[in-house]
Every structure is written in structure tokens, then in C-alpha cells.
Amino acid sequence: MADTAQSATTPVPDGARITVCEVGPRDGFQIESTFIPTDRKIAIVNALFAAGLRHMQVTSFVSPRAVPQLADAEEVLAGIDRPEGAVVTALIPNLRGAERAAACGVDAVHSVVSASETHNLKNVNRSVETSLKDFEAVFALLDKAGVAIEGGIATAFGCPFEGEVPPEQVARIAKRYQELGAKSVGLGDTTGMATPKTVQAAVRAIRAKAPGLGIGLHFHNTRGVGLACVMTGLAEGVTHYDASVGGLGGCPFAAGATGNICTEDLVYLLNESGYETGIDLDRLIDAAKLTQDVLGRDLPGQVIKSGPRLRRFDPGLTATAAG
Ligand code: COA
Ligand code: ZN
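It should be emphasised that the depicted structure is a prediction, and the values quoted were computed from it without experimental measurement.

Trainee: Looking at this structure, I do not really get the packing of helix H10 (residues 226–235) against helix H11 (residues 263–272). What am I missing?
Mentor: Two packed helices can be described by the angle between their axes and the distance between those axes. Running from N to C, H10 and H11 cross one another at 40°; their axes reach a closest spacing of 11 Å. Here H10 is positioned oblique relative to H11, judged by the angle of their axes. The handedness of the crossing between H10 and H11 is right-handed. Listed contacts from H11 to Leu227, Val230, Met231 and Leu234 of H10 are Asp265, Leu266, Leu269 and Leu270. Broken down by class, the residue content of the contact of H10 with H11 amounts to 7 nonpolar, no polar and 1 charged.

In C-alpha cells, the structure reads:
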């Protein structure tokens with residue numbers, strides 16, 4: 001127990017490898033109301049791989065009536081170039097989703113249950129307990145198919161319908177996931193309610209209740225503190241972060257949901273802080289620009305607008321403040 005408490009407060013060391021998991025093609029596209037043609041989705045995924053991303057949630061295997069945008073999940077997975085070593089994941093809510101994901105040869109799935117009853121009901125039309133019970137058969141199927149499992153916990157830092165979500169409630173679900181065989185959990189900040197304090201509390205509660213369980217963090221920047229929450233995660237020793245290209249994202253079944261933390265902004269922060277991401281920022285900005293072109297609008301990310309830190313401007317093109 002002492003070791004666990006110790007490791008709970010050991011920050012990620014300088015120079016360590018951080019996993020950045022791109023979730024734009026899932027969390028980002030799912031909230032877009034105009035259907036993005038399948039070949040454009042594939043082009044964006046491939047551009048993101050070309051930038052060096054090696055973890056990506058490429059789509060969801062959910063009801064096409066619930067999320068029509070991702071009805072082409074099979075086609076997207078069949079069309080992308082999967083680089084050597086890439087971990088391709090998809091979100092699933094139930095057994096049908098697991099069967100579809102396994103048939104497509106994904107490397108891992110992100111199962112989803114919410115920490116709050118009301119959001120789980122809105123999102124997957126069942127109680128938290130029913131979701132967790134159903135996961136027994138789901139995980140057995142995935143295990144047999146050799147598909148890894150990340151146990152997703154939505155509304156982990158607060159619920160737009162119920163308000164505060166106690167860390168113990170999140171830790172209880174994390175423990176259930178561990179008992180079901182998941183090696184890691186992903187804490188979803190569905191509507192951007194996470195703060196450095198709540199992140200610290202949730203991570204520590206899970207470490208205390210489910211020692212050895214991996215933790216990933218998934219922040220939305222709804223209230224502008226997404227990257228501050230990443231800094232807290234790093235201080236708590238967490239090495240896995242989700243982000244969306246351009247800052248796309250949001251859950252259609254959560255009031256007030258807006259974009260994820262932006263992948264380019266996160267990679268900028270991590271690379272400039274001396275962590276290793278394996279991701280080329282310039283090529284990532286190209287992928288974000290392609291995403292903007294496909295969607296036909298500017299995205300909220302900041303580095304796509306400002307460029308890398310050492311971008312230089314021609315002094316001849318800038319006004320001089322002569323008195
Ligand atoms: N993929 C495709 N179709 C699915 C499916 C899946 N994973 N799960 C269920 N369906 C289909 C069923 O086959 C059935 O189709 P039919 O009416 O043609 O026979 C229909 O959906 C209803 O199935 P049911 O099991 O009764 O589901 P439901 O209506 O209670 O909805 C979910 C439950 C989980 C399928 C639905 O709420 C859902 O897809 N939620 C995902 C939401 C989401 O993606 N949120 C954002 C990410 S956090
Ligand atoms: Zn999300």
C-alpha cells in the first residue's frame with residue numbers, strides 16, 4: 001500500500017515517453033452534423049498517422065441511429081493505412097459493438113460507461129450496473145479475439161445533469177473494470193468539468209482502490225483548463241492523454257459539451273517540455289489544416305493559428321512604432 005501511495009505522487013520524469021491518443025476521428029466527428037464523406041475521414045486519419053501518431057480512436061461501433069456520422073465505421077477501418085506498431089482503437093457501448101470491432105481487427109477497444117446514472121441513461125440507454133454487467137460477456141468476447149480493453153469512464157469529473165461526481169464513485173467503477181480484466185481505464189471529462197484538484201483526487205482514488213490499473217486522461221477544454229489538467233496528470237505520473245485534432249469534439253448526449261483538448265496544442269506543450277511524443281508538430285499542423293479544409297471552418301486549436309514557437313516573421317512586413 002505504501003508503494004502505491006508513493007507511486008501516486010511520483011511525477012512523470014523528464015524526457016519520458018508520453019502516449020498521445022488521437023480521438024478526433026471518433027470524439028470529434030461524432031458531433032459534426034453534416035456527414036463527412038468516408039474518403040475524407042480516411043484522409044484525415046492517414047494524415048494524422050503520417051504526423052507520427054501511433055494511438056488513435058478511429059471510430060465508434062455504436063448504433064447508427066444514435067450516431068449517424070459514424071455509421072461508416074467498417075468502411076473507415078478497411079480504408080486506412082495502419083502503420084507498423086500503430087494501436088488502432090474504437091469506442092464500443094455493448095456486445096454488438098464488440099463483435100463489429102473484433103471483426104474489423106482493431107487492436108483495442110474503449111468501452112464506455114458513465115460515472116453518473118443520468119448520463120449513462122442518456123448515452124447508452126441503460127443503468128450503470130446494467131452496462132457493467134453486460135461488459136462481462138463483452139470482455140470475454142474481446143479477450144478471445146485478442147483485442148485489448150481500455151475501460152472508459154465518462155463524466156468522471158462531473159456530470160452536466162447531476163453535478164459533482166465523487167472520486168470514490170469513479171474509483172468503484174475502475175475497480176469493477178479491473179475485476180472484469182481491463183488493464184487500464186480512461187477517465188472522460190465529458191463536458192470539461194475537470195480541474196487540477198479533481199484530476200488529482202480521481203487519480204489518487206483509483207490508485208488506492210485499484211492498484212496496478214493503468215490510467216489515461218481525456219479532457220475537454222470547455223472551460224479553458226484542459227492543458228492545466230494535463231500538467232496535473234503529469235505531476236501524478238500519468239503518461240496517457242487523449243486529444244482531438246484542431247480541438248474538435250463533444251458528446252451529442254451531454255448538454256454543453258464542446259471540444260477536446262487540441263492535439264497540436266498538447267503536442268506543442270509536451271515536446272517543448274522535453275517529453276518524447278514521437279509526433280512531428282509541423283506535420284500535425286498540416287493534418288489539422290486538412291481537417292479544417294474538410295470541415296470548411298476554423299477549428300479552436302491555437303498552435304494551428306500561431307505556428308511553432310520559433311516561427312519567425314519578416315520585420316519588413318511589420319509596422320514600426322515610430323513616434
Ligand atoms: N452497432 C450497431 N447497431 C447497434 C449496436 C451497435 N453497437 N447496438 C445496438 N444496435 C442496434 C440494434 O441492432 C437494434 O437495431 P434494430 O432496431 O434494427 O433491431 C437497435 O440498435 C436497438 O438496439 P438496443 O440494444 O435496444 O439499443 P438501444 O436502443 O437501447 O441503444 C445503444 C443502446 C448503446 C446501442 C445506443 O444508445 C448507442 O449506440 N449509444 C452510443 C452513444 C454514443 O456513441 N455516445 C458518444 C460516445 S461517449
Ligand atoms: Zn470526449
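Next comes the rest of the write-up.
Trainee: Could you clarify how one ought to interpret the sheet that holds strand E3 (residues 87–92) in this entry?
Mentor: Strand pairing in a sheet relies on backbone hydrogen bonds, with the paired strands running either antiparallel or parallel. Pairing in this closed barrel of 8 strands is parallel, and the strands run E1-E2-E3-E4-E5-E6-E7-E8 around the ring. Each strand of the sheet is rotated relative to its neighbour by a mean of 25°, with strand direction disregarded. In terms of strand pairing, strand E2 (residues 55–60) meets E3 through 5 bridges, oriented parallel. From the neighbouring strand, Gln57 faces E3, where its bridge partner is Thr89. On top of the sheet, helix H6 (residues 117–124) reaches strand E4 (108–114) and strand E5 (148–154); it is set at about 125° to E4, its chief contact. Along the sheet, H11 makes contact with strand E1 (19–22) and strand E8 (240–243), crossing E1 at roughly 170°.

Trainee: Help me understand the pattern of salt bridges, please; the structure alone is not making it clear to me.
Mentor: Side chains that differ in charge, positive against negative, can pair when their charged atoms come close. Evaluation of the coordinates by the stated rule reveals 12 salt bridges. With its nearest N and O atoms 3.1 Å apart, the salt bridge here joins Glu129 to Arg176. Within this pair, whereas Glu129 is found in helix H7 (residues 128–145), its partner Arg176 is found in helix H8 (residues 167–180), the two being separated by 47 residues in sequence. The class for Glu129 is partly exposed, based on a relative accessible area of 35%. Its relative accessible area of 26% is what places Arg176 among the partly exposed residues. Counted as one network, the salt bridges with shared partners bring together Glu129, Lys133 and Arg176.

Trainee: What should I look at first to understand the site of ligand 1 in this one?
Mentor: Neighbouring residues of ligand 1: 19 residues in total, closest Ser63, Arg65, Arg100, Asn123 and Asn125. Separating a nitrogen atom of ligand 1 from a backbone N or O atom of Phe61 is a distance of 3.0 Å. A distance of 2.9 Å separates a nitrogen atom of ligand 1 from a polar atom in the side chain of Asn94. Look at ligand 1: alone it shows 930 Å² of surface, and the protein chains cover 67% of it. Elements supplying a minimum of two residues to the shell around ligand 1: helix H5 (95–103) and H6. The dominant element in the shell around ligand 1, judged by the number of residues it contributes, is H5, at 3 residues.

Trainee: What should I look at first to understand the nonpolar core in this one?
Mentor: Most often, soluble globular proteins have nonpolar side chains that are buried together. Counting residues in hydrophobic clusters, the biggest one holds 94 residues, and the most contacted among them are Ile153, Leu187, Leu217 and Phe219. Each residue touching Leu217, except ones within four places of it in the same chain, is listed here: Phe157, Leu187, Val199, Val203, Gly233, Val238, His240, Tyr241 and Asp242.

Basis of the calculations
Residues numbered from 1 in each chain as written. Chains lettered and ligands numbered in written order. Predicted model: local features only at pLDDT ≥ 70, side-chain atom pairs only at ≥ 80, totals over all residues. Heavy atoms only, no water. Axes fitted to C-alpha atoms, helices over the stretch in contact; angles between N-to-C directions. Helix = DSSP H or I, 4+ residues; strand = E, 2+ residues; numbered from the N terminus. Parallel < 35°, antiparallel > 145°, perpendicular 65-115°, else oblique. Left-handed = near helix turned anticlockwise from the far one by under 90°. Contact = heavy atoms within 4.5 Å. Nonpolar A, V, L, I, M, F, W, Y, C, P; charged D, E, K, R; others polar. Pairing = 2+ DSSP bridges. Salt bridge = Lys/Arg side-chain N within 4 Å of Asp/Glu carboxyl O. Buried < 20%, exposed > 50% of the residue type's maximum accessible area, 1.4 Å probe, protein only. Near = heavy atom within 4 Å. Polar contact = N/O pair within 3.5 Å; in protein donor to acceptor, adjacent residues only side chain to side chain. Areas by Shrake-Rupley, 256 points an atom, 1.4 Å probe, with all protein chains shown as cover. Core = buried A, V, L, I, M, F, W, Y, C linked by side-chain atoms within 4.5 Å.

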